Amino acid sequence: MQFPTAGGPFFRRVRMWHAVAASLVVVAVVAFLVLRPSDGARAVPNSPCRAFDSAREAAPATPDLDGDGFADLVHEMSETEDFDLFVAPGSAHGPDPDRTTVFAHDDLGVPDDVQTGDDLFQPTVADLDEDGHTDLVVSGAAQILWGGPAGPRVGGAHGRVPLPGSGYHTAPVAGDFDGDGHTDLAVFRASNETQELVVLKGPFKRSGAPASTVEIPSPVHEGATPVLVSGAANDDRATDLALYDSPWDPPLLFTCGARTASGLSKEPERLPEGENVVFGDFDGDGRQDIAIGRSFVDSDDEVDTPHRRGQVSVRYGKEPGKWVTLDGGDYEEGFGTSLAVGDFNGDGCDDLAVQLTRKKEAGDARIEVLRGGSEYGLGSKPWRSTERYVPGEGGSEGGMLFAVHDWDGDGRAELALFSEDNWRITDGTGHDETSFPVTPSAGPKDQGS
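What counts and how
- Here the residue numbering is sequential within each chain, running from 1 through the sequence in written order.
- Thresholds applied to this predicted model are a pLDDT of at least 70 for local features of residues and 80 or more for the giving and counting of side-chain atom pairs; totals over whole chains, interfaces and linings are not thresholded and use all residues.
- The side-chain numbers reported here are obtained from all heavy atoms of the structure, hydrogens and water having been left aside.
- Numbering of helices and strands starts at the N terminus; helices are DSSP runs of H or I of at least 4 residues and strands are runs of E of at least 2.
- Only protein chains enter the accessibility calculation, which uses a 1.4 Å probe; a residue whose area is less than 20% of its type maximum is buried, one above 50% is exposed, and one in between is partly exposed.
- Strands qualify as paired when DSSP identifies two bridges or more between them.
- Axis lines are fitted to C-alpha atoms, over the contacting stretch for helices. Their N-to-C directions set the angle, which ranges from 0 to 180 degrees.
- Take a side-chain nitrogen of Lys or Arg and a carboxyl oxygen of Asp or Glu: if they are within 4 Å of each other, that pair is a salt bridge.
- As a per-residue measure, pLDDT tells how confident the predictor is, with possible values from 0 to 100.
- Contacts are assigned to residue pairs that have any heavy atoms within 4.5 Å of one another.

Concerning unusual backbone geometry
Line of reasoning, step 1. The omega angle of the peptide bond from Gly202 to Pro203 is 5°, so this bond is cis rather than trans.
Line of reasoning, step 2. Looking at the secondary structure, you find Pro203 in the loop between strand E11 (195–201) and strand E12 (212–217).
Line of reasoning, step 3. At Asp245, a residue that is not glycine, the phi angle is positive and equals roughly 65°.
Line of reasoning, step 4. Looking at the element boundaries, Asp245 is found in the loop between strand E14 (240–244) and strand E15 (252–254).

What to know about the pairing of strand E23 (residues 366–370)
Line of reasoning, step 1. Burial analysis of E23 places five of its five residues in the buried class, which makes it a mostly covered element.
Line of reasoning, step 2. In E23, alternate side chains face the same way, and those of Arg366, Glu368 and Leu370 on one face and Ile367 and Val369 on the other are all buried.
Line of reasoning, step 3. Pairing of strand E22 (residues 351–356) with E23, which is carried by five bridges, proceeds in the antiparallel orientation. Note on E23: the bridge partner recorded for Gln355 is Ile367.

Considerations on the sheet that holds E12
Line of reasoning, step 1. Here we have four strands laid out as an open sheet, ordered E9-E10-E11-E12, and antiparallel in their pairing. Single-partner strands in this sheet number two, and they are strand E9 (173–175) and E12. For this sheet, the mean inter-axis angle between neighbouring strands, taken without regard to orientation, is 25°.
Line of reasoning, step 2. Where E9 lies against strand E10 (residues 184–190), three bridges are found, and the strand directions are antiparallel. Looking at the pairing, Gly175 lines up with Asp184 of E10.

What about the pattern of salt bridges?
Line of reasoning, step 1. On inspection of all chains with the given rule, the structure shows 13 salt bridges.
Line of reasoning, step 2. Here Arg206 and Asp129 are joined by a salt bridge, their closest N and O atoms 2.7 Å apart. With Arg206 in the loop between E11 and E12 and Asp129 in the loop between strand E5 (124–126) and strand E6 (135–138), the pair connects residues that are 77 residues apart, well separated along the chain.
Line of reasoning, step 3. For Glu368, the salt bridge identified is with Arg366, shortest N-O distance 2.6 Å.
Line of reasoning, step 4. The exposure class assigned to Glu368 is buried, which follows from its relative accessible area of 1%.
Line of reasoning, step 5. Residue Arg366 is classed as buried on the basis of its relative accessible area, which comes to 14%.

Points about the sheet that holds E6
Line of reasoning, step 1. Across the sheet, which stays open at both edges, the four strands sit in the order E5-E6-E7-E8 with antiparallel pairing between neighbours. The open sheet terminates on both sides in strands that have one partner only, identified here as E5 and strand E8 (158–160). Taken over all neighbouring pairs, the strand axes of this sheet differ in orientation by 25° on average, direction set aside.
Line of reasoning, step 2. Inspection of the sheet shows E5 paired to E6 by three bridges, in the antiparallel sense.

Observations concerning the confidence of the model for the protein chain
Line of reasoning, step 1. Mean pLDDT over the protein chain stands at 78; residues scoring 70 or higher make up 75%.
Line of reasoning, step 2. Across residues 53–58 the pLDDT falls below 50, and counting only partners more than four positions away or on other chains, this stretch makes 12 contacts in the model.
Line of reasoning, step 3. Note that residues 442–449 has pLDDT below 50 and, in this model, 25 contacts with residues that lie over four places away or in other chains.

Take a look at the structure:
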């Protein structure tokens, strides 16, 4: 199958690809990762890996907006001053572009002074009002599209989270940060006057108002605009919060459920240097693990990449004081540029999708998937990975790693890759792939089986 080649520059870098310049030195156990192509993703019968509920409780909600059991492909983007929200519902064949719903700027009720440029973002998915239906929180305006039995609808009910002040660039992230059973939101504020971390406590009213708001002085250097990601870093009920991709600072981890007004620990833990952070259960023991990618590729393509391999550092829940570092890819290939977690072979252990990109503004990205295992997690022997890219007429035709979900409901995760004009949904085997335009009006879909 041939996929159309996107024209123009690869894709303006998403803010989360800015490089981290930090000075933290970490003592790690180093294991060299030998990348060998493996068979395609497949279910593993009688696997010792087990998907424990305790490890999944604090994971971000799956974007199944209509409750049909299939993850939906949801993104917001724009090529004008305004932006649109796109929802392609999932199906047994993956996201169905023919049934895409488009929420225009006016449909969302977002103020005219809120703009997002042409970057691609994922809205936040959560049940904020606790009515049993999934809601969407969109853009730096924190606009809420309230869910229903069929998901959020054009012309349906919406609200807005009242964020204090200004200086918000992305939607808040969701999690139960104080462990009280209600979903909260967290967002970073970076204005000319103020930098702070804002936590909005649930439950939320239909107007969008939280139960309370807590403002915390910024834990990062002035001028930084870190990405926030929520997940479980320990075995308690609370969702933990990581900040990364902040110049001059290493990634930071707030363990939550603390006896503070926000629920966040008083001081964050400094993690090993890197440009992204993800949570997963890579050894299937029911305890959450942490992975950090460090590609050594600068966010400025004019800066030469050091002659070395990229790496992923992993801390397993069973050994919280120990970091294992996996080197991957070729020299200067940018292994670790972006990470995503999913169970690609259905064995109950999370796997790790790792993007390699020599230059972050260039269209040379490809994906490696490192298999989790029950004994040593991502370090399980034989160390193997599965390449995810499609060779095109002009060389490999990669795409930016956007999200990982079970888009077709078969119990195994697939990748959603984004190039400038097209989506590609793939499990990497060549037998389960779909390609279609990013916007419904861009042309007919091209689907394989």
